[in-house]
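# Per-entry structural report
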Amino acid sequence: MEYEKMLTKGALKSIMNNEDVKDPVMQVLGVRKITAAGANERYRLLISDGHNLNSFAMLATQLNGMVTSGELNEFSILQIKRHIISNLTDRSKGSKQVMILIDLAVMVPGDLVGSKIGDPKPIIDNSGQVVENGISASDSTPQSNSLPKPRSVQASVIDNGLQRDIDVSNIHPINSLSPYQNKWTIRARVINKGPIRTWSNQRGEGKLFSMDLLDESGEIRATAFNSECDKFFDMVEVNKVYFITRGSIKTANKKFSNLNNDYELTLSSETQIFPCHDFDDSQMPALKFNFVQLSQVKDVDVDGIVDVIGVCQTAGELTKLMSKTTRKELKKRDVTIVDQSLSSVTITLWDTQAEDFDGSLQPVIAIKGSRIREFMGSKSLSLSGSTVMQINPDIEEAHRLRGWYDSLPSNVEFNSISTRSDAGANSQFLTIKGAQLAQLGSGDKADYYSMYSHLIFVKSESALYKACPKPDCQKKVIDRNDGTYRCEKCNDETENFKYRLMLSAQLSDSTGNQWVTMFQETAENLLGTTSAELGRLMEESKEEYSDVFQRQMFKLFEIRARAKMETYNNETRLKVSLVNIKPIDYKVASTKLIADIKRLSGISTSVM
């Protein structure tokens, strides 16, 4: 009698009528193993809620071990934590409505229960017909033309000028999709579409793109490879609603997606995508954000995922760098955004997003799924493949933020989350003399700071050196004067070498001069050419080689410097190297100087 009270009576009938029943408790009355040709073993269950029974419940294959281990057996009482209802078609028996059990827990073993609970009967519909597999007997007979068709059975779509019909009576909500379904159709909004990416490895070459889909029930990622990539990329537009049918469903790789779904779609040669023209897309939810204020970013753990919105205060120059792992050229741009918390944070854009971004009009930026990064105590946000970035989105938060920013006084100051917390003066723009007086670089850690300086001299005659040609080695080679070069680090000899840059240069401002060092990437950015091209000019035309350096003389640059005391041959001295050097943005620099003047004027007034 106690076991009978545990069962969720009436749950089976509600579930087969597509009603939501949370965590129902059932009893297993029988377990039968079935094996389809070319498929894994599956287990079919006869389950009961004490009032009704269903003989077409299928156990998901990942739960097979519960049967083989004896944990799930006849008369067991179980709690169904997750299930889906799927229509399967049998040529001889027609359509069957099957309940697939995806996640469950055994509450009482069958050995303890020992018998059937209650007197469960087949489900009876309102007309008194027995429901077979969730379909009443009357539904299996042909319908007369005089009977009304089910509501919204078909939707017409136009594809390449041809009208096609989609059976929308079989639309599946996204959160019901699982690898155990073959035929399905979803109606979803495309909330994000990534760029086409290519790969090349030992197994060959290929390309792909991914898109994120959303409906009333949830979200899922879909990926198209090679021919499907060519077929669907131009067809699909962000924020449009589509019917999507067929494709493979597999477990999601959380390394590449942070969507709230255990599964993801792979589009196949059988996949069809049609625009949903006749559907009121206002009924379909749009992208949902869960914004946090920028002041809260500093409290989020590294690699955490957050949604943020802010006004673009400044946008840095597009820079190029070389990936240490793949040795491929990458493009990036740093963008600083601010919000009403009077905080600012730096966002790093990569490749296409970095190239296409225009911050000249200070747009509002909304970002879903940005990842927290930290470097030397400074936190910033990075965008990955699954991140969605919208410029000036038509949402209430964006309009409110725009009005707030446009009404700000010009002297307002923001607390930068992306400034090193242990850097002290490192967060400031300093003069050469100011950095020396602050004794930057004298501590255990390197100090970083920024400044505006003129480049007044470069030792061009010693700017290049011959280095080991191996991608992961930068060591200077020894010329053996017999057509070969030796690398002591690699303990190897080769007939080739590569040129690398190491510039020794002098900077100057109104307070003094400073010798600095620039290495490969920073030096190439300054000179606007590659070390390989400079090496060619040095060998073929000394005059053109010299001109490359002379073109940069006496220009004013914005500089990011690193200062550190280093010991060489028992001599300790301050070494200043440049992390970045770029032409000054006079508009940004002027805005900063005006703000500094007003801030200092306010301090002087308060003192007086």
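None of these values were measured; they are calculated from a predicted model.

## Some words on the overall build of the chain
- Helix and strand counts for the chain come out as 12 helices and 34 strands.
- Out of the 608 residues belonging to the chain, those deemed buried represent 41%.
- Counted over contacts in the chain with a minimum sequence separation of 6, partners at least 24 positions apart contribute 60%.
- Carbon and sulfur atoms form 47% of the exposed surface of the chain, whose accessible area is close to 34,000 Å².

## Digging into unusual backbone geometry
- At Asn-392, a position not held by glycine, the phi torsion is positive, near 45°.
- As for its placement among the helices and strands, Asn-392 is situated in the loop between strand S24 (388–391) and helix H7 (396–406).
- Given a relative accessible area of 46%, Asn-392 falls into the partly exposed group.
- The phi torsion at Asn-481 lies on the positive side, around 60°, for a residue other than glycine.

## Some details on the nonpolar core
- Core analysis: the largest hydrophobic core is formed by 33 residues, its most contacted members being Tyr-449 and Leu-503.
- Counting residues per element, this core draws most heavily on strand S31 (residues 498–509), at five residues.
- The next biggest cluster of nonpolar side chains, apart from the first, holds 30 residues, and it includes Ile-84, Phe-209, Leu-213 and Ile-244.

## Quick look at the pairing of strand S26 (residues 447–458)
- Most of S26 sits inside the fold, with nine of its 12 residues counted as buried.
- Pairing between S26 and strand S33 (residues 556–568): eight bridges, direction antiparallel. Note on S33: the bridge partner recorded for Asp-447 is Ala-563.
- In this structure, S26 lies alongside S31, joined through four bridges in antiparallel fashion. Looking at S31, one finds that Phe-457 is bridged to Gln-506.

## Some thoughts on the packing of aromatic side chains
- All chains considered together, the criterion is met by 10 aromatic pairs.
- The interplanar angle of 85° and the centroid separation of 5.1 Å between the aromatic rings of Phe-497 and Tyr-499 together place this pair among those described as edge-to-face.
- With a relative accessible area of 13%, Tyr-499 lands in the buried category.
- These aromatic residues form a ring-pair network of at least three members: Trp-404, Tyr-405 and Phe-414.
- Residue placement shows Lys-193 over the ring face of Phe-233; its charged tip is 4.0 Å from the ring centre.
- Geometry around Trp-515 places Lys-459 over its ring, the cationic atom sitting 5.1 Å from the centre.

What counts as what
- Residues numbered from 1 in each chain as written.
- Predicted model: local features only at pLDDT ≥ 70, side-chain atom pairs only at ≥ 80, totals over all residues.
- Heavy atoms only, no water.
- Helix = DSSP H or I, 4+ residues; strand = E, 2+ residues; numbered from the N terminus.
- Buried < 20%, exposed > 50% of the residue type's maximum accessible area, 1.4 Å probe, protein only.
- Contact = heavy atoms within 4.5 Å.
- Areas by Shrake-Rupley, 256 points an atom, 1.4 Å probe, with all protein chains shown as cover.
- Core = buried A, V, L, I, M, F, W, Y, C linked by side-chain atoms within 4.5 Å.
- Pairing = 2+ DSSP bridges.
- Phe/Tyr/Trp six-rings, centres within 6.5 Å; stacked < 30°, edge-to-face > 60°.
- Lys NZ or Arg CZ within 6 Å of the ring centre and 35° of its normal.

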